[in-house]
Amino acid sequence: MNPIKHVAIIMDGNGRWGTSKKKSRNFGHKQGLKTVEKIIKESIKNKIKYLTLYAFSTENWKRPKNEINYLFSLLHNFLTNKIDELNKEKIRLFVIGKKKFSKKLNDLLKYSEKLTSKNKRLQINLALNYGSKSEIINALNKLKNKNLTVNAKNISKNLYTKNIPDPDILIRTGNRKRLSNFLLWQLAYSEIFFENKLWPDFNEKDYNKILKKFKNTKRNFGKI
Ligand code: IPE
Ligand code: IPE
Ligand code: MG
């Protein structure tokens, strides 16, 4: 049985969920946050050490202002209300992506990261203003500036995810089969699960089904 250290998730389908309920896309985002809480709890139950959640891509800035503002206000409220609880649960919050938001949100993110930095039960990597191509370009530029050899080890050590093992599993909900600029380097050998359900409909049972399937998958890493 394969051990599971790291699960990464592209939480897709909130907008369509909202519209399908004859409500707004933002209503879907609000509901999606409930799924996030469920999946965090279930990850702890399964003793998973790293959970990486794609919350906002570098391309998502192309969305309407009202939706962008709503997403960041949801995040702001979530952290304000829940960071102490997460900390008590020994959860570490770590942001991957460029922290280029309002000063208020940047400060809250930095505060949350610092507060929880020693926690070891579960590390949540929140991908915010994250784009894999720019992450790789940054890493290569750092190597160039430091006059270091371009090799796999040095590239990995200069990504946002340095010191984090690569994901064992990638899940994408929302019935789309693409990576949308997420962890292109780190997913080289991950098992990928595409799920038809929209993120707000995804639940613990769906998650456990995937974990079980993963545990019974033969991973080769090029060998036989
Ligand atoms: C959530 O799903 C992803 C985020 C950017 C927060 P979407 O907002 O992409 O929902 P769909 O895919 O349009 O339904
Ligand atoms: C990927 O979903 C980004 C997040 C889940 C945050 P998108 O909905 O932005 O992806 P595309 O644009 O459909 O590929
Ligand atoms: Mg989408």
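Scroll up for the structure.
What counts, and at which threshold
- Residues numbered from 1 in each chain as written.
- Chains lettered and ligands numbered in written order.
- Predicted model: local features only at pLDDT ≥ 70, side-chain atom pairs only at ≥ 80, totals over all residues.
- Heavy atoms only, no water.
- Helix = DSSP H or I, 4+ residues; strand = E, 2+ residues; numbered from the N terminus.
- Rg over C-alpha atoms; globule rule 2.2 N^0.38 Å.
- Salt bridge = Lys/Arg side-chain N within 4 Å of Asp/Glu carboxyl O.
- Buried < 20%, exposed > 50% of the residue type's maximum accessible area, 1.4 Å probe, protein only.
- Polar contact = N/O pair within 3.5 Å; in protein donor to acceptor, adjacent residues only side chain to side chain.
- Contact = heavy atoms within 4.5 Å.
- Pairing = 2+ DSSP bridges.
- Axes fitted to C-alpha atoms, helices over the stretch in contact; angles between N-to-C directions.
- Near = heavy atom within 4 Å.
- Areas by Shrake-Rupley, 256 points an atom, 1.4 Å probe, with all protein chains shown as cover.
- Nonpolar A, V, L, I, M, F, W, Y, C, P; charged D, E, K, R; others polar.
- Patch = residues over 30% accessible without salt bridge, like charges linked within 9 Å, V, L, I, M, F, W, Y side chains within 5 Å.
- Lys, Arg positive; Asp, Glu negative; His and termini not counted.
- Charge placed at Lys NZ, Arg CZ, Asp CG, Glu CD.

Asks: Help me get a handle on the overall build of the protein chain, residues and values and all.
Replies: Check the secondary structure of the protein chain and you find seven helices and six strands. When the helices and strands of the protein chain are read in sequence order from the N terminus, they spell out β-α-α-β-α-β-α-β-α-α-β-β-α. Since a compact globule built from 224 residues should have a radius of gyration of about 17 Å, the 17 Å found for the protein chain is in line with a globular shape. Expressed as lengths along the three principal axes of its C-alpha atoms, the size of the protein chain is roughly 50 × 45 × 35 Å.

Asks: Before we move on, can you summarise the pattern of salt bridges with the specific residues and values?
Replies: Going through the model one piece at a time under the given rule, you end up with 12 salt bridges. For Asp12, the salt bridge goes to Arg172, with nearest N and O atoms at 2.9 Å. Of this pair, Asp12 sits in the loop between strand 1 (6-10) and helix 1 (14-20) while Arg172 sits in strand 5 (residues 169-172), and the two are 160 residues apart along the sequence. Comparing Asp12 with Arg172, the two get one shared label, buried. The network of salt bridges with common partners includes Asp12, Arg16 and Arg172.

Asks: Give me the side chain of Gln123: which residues, what numbers.
Replies: Topologically, Gln123 is positioned in strand 4 (residues 122-130). Within the structure, the side chain of Gln123 is placed 2.8 Å from the side chain of Asn125, a separation counted as a polar contact. In contact with Gln123, not counting residues within four places along its chain, are Lys49, Tyr50, Leu51, Arg92, Phe94 and Ile164.

Asks: Give me the lowdown on the sheet that holds strand 1, citing residues and values where you can.
Replies: In spatial order, the strands read 3-4-2-1-5-6; together these six strands make up an open sheet with parallel pairing. In this open sheet, the two strands that pair with only one neighbour each are strand 3 (91-96) and strand 6 (191-194). Looking at each pair of strands side by side, their axes are set apart by 20° on average, direction ignored.

Asks: Help me get a handle on the site of ligand 1, residues and values and all.
Replies: Taken together, 13 residues are adjacent to ligand 1, and Asp12, Gly15, Arg16, Arg25 and Arg63 come closest. A distance of 3.2 Å separates an oxygen atom of ligand 1 from a polar backbone atom of Gly13. One of the backbone nitrogen or oxygen atoms of Arg16 is found 2.7 Å away from an oxygen atom of ligand 1. Computed on the free molecule, ligand 1 has an accessible area of 380 Å², of which 87% lies beneath the protein chains in the complex. At the level of secondary structure, the elements contributing two or more residues to the shell around ligand 1 comprise helix 1, helix 2 (25-45) and helix 3 (65-88). The element contributing the most residues to the shell around ligand 1 is helix 1, with three residues.

Asks: Lay out unusual backbone geometry in plain terms, naming residues and giving numbers.
Replies: Within the chain, Asn163 stands out as a residue other than glycine whose phi angle is a positive 75°. Topologically, Asn163 is positioned in the loop between helix 6 (152-156) and strand 5. Positive phi, close to 65°, is recorded for Asn181, a residue that is not glycine. Position of Asn181 among the secondary structure elements: in the loop between strand 5 and strand 6.

Asks: I'd like a rundown of the environment of Tyr130, residues and numbers included.
Replies: Relative to the elements of secondary structure, Tyr130 occurs in strand 4. Sequence separation of Tyr130 and Phe56 is 74 residues, and the distance between their C-alpha atoms is 6.5 Å. Setting aside its immediate chain neighbours within four residues, Tyr130 contacts Tyr54, Phe56, Ser57, Thr58, Ile96, Gly97, Glu135, Tyr160, Asn181, Phe182, Leu183 and Gln186. A distance of 3.3 Å separates a polar atom in the side chain of Tyr130 from the backbone nitrogen of Leu183.

Asks: Any chance you could break down the site of ligand 2 for me, citing the residues and the numbers?
Replies: Around ligand 2, the structure places Ile10, Met11, Asp12, Tyr54, Ala55, Phe56, Asn60, Arg63, Arg172, Arg178 and Ser180. The separation between an oxygen atom of ligand 2 and a polar side-chain atom of Arg63 is 3.2 Å. Measuring from an oxygen atom of ligand 2, one finds a side-chain N or O atom of Arg172 at 3.3 Å. Out of a free accessible area of 390 Å², ligand 2 has 78% covered by protein chains. The element contributing the most residues to the shell around ligand 2 is strand 2 (residues 50-57), with three residues. Broken down by class, the residue content of the shell around ligand 2 amounts to five nonpolar, two polar and four charged.

Asks: Kindly report on a positive patch on the surface, identifying the contributing residues and their values.
Replies: On the surface, a cluster of positive charge is made up of Lys142, Lys146, Lys153, Lys157 and Lys162. Tracing the chain through its elements places Lys142 in helix 5 (residues 132-145).

Purely geometric stuff here, so don't read any function into it on its own.
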